[in-house]
Amino acid sequence: MRQIRLFILCMLLAFKGVAQGVQIQGKVTTANGLGIPGATILEQGTTNGATTNSEGEYKITTTKTNPTLVFSYVGLISQTINSQGRKTIDVTLEEDLKALQEVVVVGYGSQRKQDITSAVSVINMKDIGEQPANNMNQLLQGRAAGVVVKQKSGTPGGIFEVRVRGIGSLGAGSDPLYVIDGFAVGTSVGQNLNPNDIESITVLKDAASTAIYGARGSNGVVLITTKSAKEGKVNVNLSIDYGIQNVPDSRRVKMLNGVEFAQFKKEIFEDGIRYFQNREPKLEEVPIGFRYPEQTKYSTDWFGAIMRNNAPYMDVNLTISSGKGPLKSMLSVGYFKEEGSIIKTNYDRISIRSNIGGEVTKFLTVGMNVNGSYTKQNVANTDGRSALVGGALLMDPREPIYNDDGTMRPYIGGVDGAFGFPNPVFVLNNVIRRRNIGDVLANGFAEIAILKNLKFRTSVNAKINFNAYKEYVPSTIGLSVASGTAGAPPRIATARDINEQLRNYSFDQLLTYTPKIGANQSMDFLLGVTSQKETVYGVDGSGNTFPDDVVPYLGAASIRSSNSYEYGWGLLAYFARANYSYKDKYLLSASFRREGSSRFGAQNKYGDFPAASVGWRLTEESFMPKASWLTDVKLRASWGVTGNNNIGNYPSLAFVGANNYILGNAFAAGKVISSFANSNLKWEKSNQLDIGLDVATFNNKLTFTFEYYSKITNDMLLPISIPAVSGFTSSLDNIGKVQNRGVEVSADFRTTIGKVNFRTNANLTVNRSKILAIKGANDMLWYGGFYGGYNVQKVGRPIGMIYGYQKLGIFNTQAEIDAWPKQDGVIPGGMKFADTNGDGVVSYDTQDMVEIGNPNPAFTWAWTVAADYRRFDLNVLFVGAHDFDIYRNIEASTMNMDGVFNVLDKAKDRWRSPSNPGSNPNAKNSQGGTNYFKWSRESSERYVYDGSYVWLKAVTIGYNLPKFKSVLSDARIFVTANNLFLFTKYPGNNPDAGVRGGTELNNDDESYPVPRTLAVGAKFNF
């Protein structure tokens, strides 16, 4: 028996020894025999693995005697090998050409990624994750070098500002052209497109890629491809997001509360007596309303009162697709509902999209896309100090929202010298501002294979948009003093209805030829003709003097007026493009477009837009060293001419306006020329040079892209002075020149660390604008106002420089004022400004104003970090902008020391006396009851702040549920956040804010705050 037990024990030990497996070693190399460091070797079915050393060598001790090993490396094709008892296994991993063979959408066609020789950025939608987005521009933010996206306002359904390689024009628009499924829809996608329907986004940045779009390509082109059915699959996809929105306390401006404001008013009243009457005030002299601040009954946070905490949003999307058979189809339905972070504002969108396409016969392919949406939006007048947000900051916090009987007070103010405002809560609940938009976007095509390599494609595109706006301001709404007028209700009720219809049609005829010219060469040619026409029809009606506020329609108004209008534009263009490749080593692309537009003068209807680019793949040359870490190096250069016709519809024509007369005591209708014609007007043209370098290392594990560009825009459309004898003082002409130069760097890294798949990408953009010439009486163009900040365009300087008085400190005594160049009217506590022209006077005009800020960032950047571990994944996006200035215009009111507005918390630390100077000026210049605002609100350096920021824009954490093959093929849950954390020293709520447009940059006069969004969601694939 003992012998049997001993035998069994020996057998078990023997089996145990077998179960311990074996040691296998070898080398992993590339196709050219170079060792691959960091390659992964995994024993199949286990978590046992190893990696190669710097020479590509490995050793692995397996758990089985006859294991199957999986050899993998990023950018190479994995291999699975059964050891079959071998102790040495050498493996060669072939290059995975999918990344290079990837097809990228470009203008009027597509190209292999490896053949592209121009500046093109592709947005990988899978890398974005489940970022909440109510419009597609939000998906662009931080995803491409050279593309700066700003959310200037948090208005529900609001549009983001997009700039590609800076601002290239002083007179025309700077928005890029958007192309959806081949249809150039214009400089805005609007609210039509559901972001969940987007398959891919490509941004064309240089002239070689955008010149094919001629007079609309100067500001870049954003190509959007929508989703379509996948080959051989029938899928049902459902996604649901639900979240809330809040404006964090850290991004709410700190104003004085009721007690603090009463104390502030008491102190400035007493300080006025001390300075102007040179005596100590008596308590009984202080007005009773703020004589005893501690007894202040109310302390209303007016900004908080108009905010909606935990404002909900919901996004639901259902997609059904069929990829079986010759014709493939897809149907998607989406519903998005967003309550604004300001009460009574919201945005609803329902969208439906369908497409069908495929091979009808061997020679005929057809396709059709139809996208429809309907949106409802309740908006409010929020931007600017005279509007709701700015007014809420300025209002007297000692006043309550409601009367003692619980009814809401329509008007607040007029007490103790504080200015009056309509109650913003009352306004939001009683004023109607509603916009409804119906939008249909459709395109269809037929492609005929004439010969094996010759194809003709004809397509028709259409966009129809119905836009209805209704406004009703009841008689119970008073007027704000900040708007230039003031008065408590009742007032005359007003109404306005605008109904507008847009129709846009285009027809494209494309002929492509891809001849076979040898094993080492490839060519393709494109010839095309496109025509497009857009017409807008509208009716604008208004009315006032309503009998009551019960019926808010124009028919109830006693006084009514209406106006109708129609305008439009058209274009016709011919274009050609040729691409050539030799051994995938030498690449050449050239295009030419001749385009005519109705927007320009009779003498310049047509313009020519040539472009060319070359590429050289250095790693294919014999002189390049063969190294395992260097996968691909491509040097490229491009040049081209693009245009900008975003200048309005009839600038070259003379306008005729009504001008009626009384002749012989009778009415006589008359007309008069109201603007000067210029038949020589033409579009702006931009010449652009681009040099790029694409580097792929470690078999595409780490890739870099470097870009240098220089763009000069000529013939900008700007007003020039003309002799008054002509009957006019100015006319439009093609003048001026602007340069943009920049550097773009982007990097992408992907690897596997154990069980973690890690990926990260980053981009950095440096853009420098410079005005080279402005033709006219002056070399400077001033925009803005004496009390609102100036943006000045000056030869030799960047676009939009901020101008005002240069701040040198605060006058502490009268002796300091007397010793300073004459600054008439200033008193101690007032700002000390520089006499920059040296004439001994700080004059009360623009003579002593100089550059006080640069609104253009020194650089912008973005960084995405993503990883997945087993079923978990993480995606994080940071964006940043640095070394730029913001003119905080609202502080001309929120730092007003006359006691007519509430003020910022920092106003507590203000100049009080020579012995108590504080750190902020006290610009109250009151004598004899007269307010004297001189040197208190002028455009000056006191309102300029550094706007540098780092913003954690998006975070997503997801979990992939186990598959249920009988029910679900894929399921996923996630939590996500937008605008999570903002790191900045800027005191405003949004460093991207700006209430002005065009070249009037970074003027913050308060606008709808941008909320933080937190959401949960799920996706199901059936």
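A brief structural summary. (Residues numbered from 1 in each chain as written. Predicted model: local features only at pLDDT ≥ 70, side-chain atom pairs only at ≥ 80, totals over all residues. Heavy atoms only, no water.)

**Focus: the sheet that holds strand S3 (residues 49-51)**
At step 1: In space, the four strands of this open sheet follow the order S3-S2-S5-S6, with antiparallel pairing throughout. Each edge of the open sheet carries a strand with a single partner, namely S3 and strand S6 (79-82). Geometrically, the sheet is characterised by an average inter-axis angle of 20° between neighbouring strands, direction not taken into account.
At step 2: Pairing analysis gives three bridges linking strand S2 (residues 40-43) to S3, with the strands arranged antiparallel. When the bridges of S3 are listed, Ile41 appears paired with Ala50. (Pairing = 2+ DSSP bridges. Helix = DSSP H or I, 4+ residues; strand = E, 2+ residues; numbered from the N terminus. Axes fitted to C-alpha atoms, helices over the stretch in contact; angles between N-to-C directions.)

**A closer look at the environment of Pro176**
At step 1: As for its placement among the helices and strands, Pro176 is situated in the loop between strand S12 (161-164) and strand S13 (177-180).
At step 2: With a relative accessible area of 1%, Pro176 lands in the buried category.
At step 3: Sequence separation between Pro176 and Glu161 is 15 residues, and the spatial gap between their C-alpha atoms is 9.8 Å.
At step 4: Apart from the residues lying within four places of it in its own chain, the contact partners of Pro176 are Val162, Val164, Gly186, Thr187, Asn219, Gly220 and Val222. (Buried < 20%, exposed > 50% of the residue type's maximum accessible area, 1.4 Å probe, protein only. Contact = heavy atoms within 4.5 Å.)

**Some thoughts on the packing of aromatic side chains**
At step 1: Per the counting criterion, the structure on display carries 33 aromatic pairs.
At step 2: Consider the rings of Phe421 and Phe901, whose centres lie 6.2 Å apart with planes at 55°: the pair is tilted. Of this pair, Phe421 sits in strand S23 (residues 421-422) while Phe901 sits in the loop between helix H11 (891-894) and strand S49 (926-927), and the two are 480 residues apart along the sequence. Phe901 carries the same exposure label as Phe421, and that label is buried.
At step 3: Plain terms: the ring middles of Tyr945 and Tyr986 are 6.2 Å apart, the flat faces sit at 75° to each other, and that makes the pair edge-to-face. Taken together, the residues span a long stretch of sequence, with Tyr945 in strand S51 (residues 944-946) and Tyr986 in the loop between strand S53 (970-984) and strand S54 (1012-1021) at a distance of 41 residues. The pair formed by Tyr945 and Tyr986 is uniform in burial state, with each residue classed as buried.
At step 4: In this structure an aromatic cluster arises from ring pairing among Phe786, Tyr787, Tyr805, Phe833, Tyr844 and Trp935. (Phe/Tyr/Trp six-rings, centres within 6.5 Å; stacked < 30°, edge-to-face > 60°.)

**Thoughts on the pattern of salt bridges**
At step 1: Throughout the structure, instances matching the rule amount to 48 salt bridges.
At step 2: A salt bridge links Asp115 to Arg112, with the shortest nitrogen-to-oxygen separation between them at 2.9 Å.
At step 3: Given the relative accessible area of 15%, Asp115 is considered buried.
At step 4: Shared partners join several salt bridges into a network, and the residues in it are Arg165, Lys205, Arg636, Asp690, Asp694, Glu707 and Glu744. (Salt bridge = Lys/Arg side-chain N within 4 Å of Asp/Glu carboxyl O.)

**Some thoughts on the nonpolar core**
At step 1: In terms of nonpolar packing, the biggest core is built from 37 residues, with Phe264, Trp302, Ile306, Met307, Ile342, Leu428 and Ile477 touching the most fellow members.
At step 2: Elements with a contribution of two residues or more to this core: helix H6 (258-276), helix H7 (302-306), helix H8 (388-394) and helix H9 (424-430).
At step 3: Counting residues per element, this core draws most heavily on H8, at five residues.
At step 4: The contacts of Ile342, once residues within four sequence positions are left out, are Ile306, Met307, Arg308, Thr382, Val389, Leu428, Tyr1008 and Pro1009. (Core = buried A, V, L, I, M, F, W, Y, C linked by side-chain atoms within 4.5 Å.)

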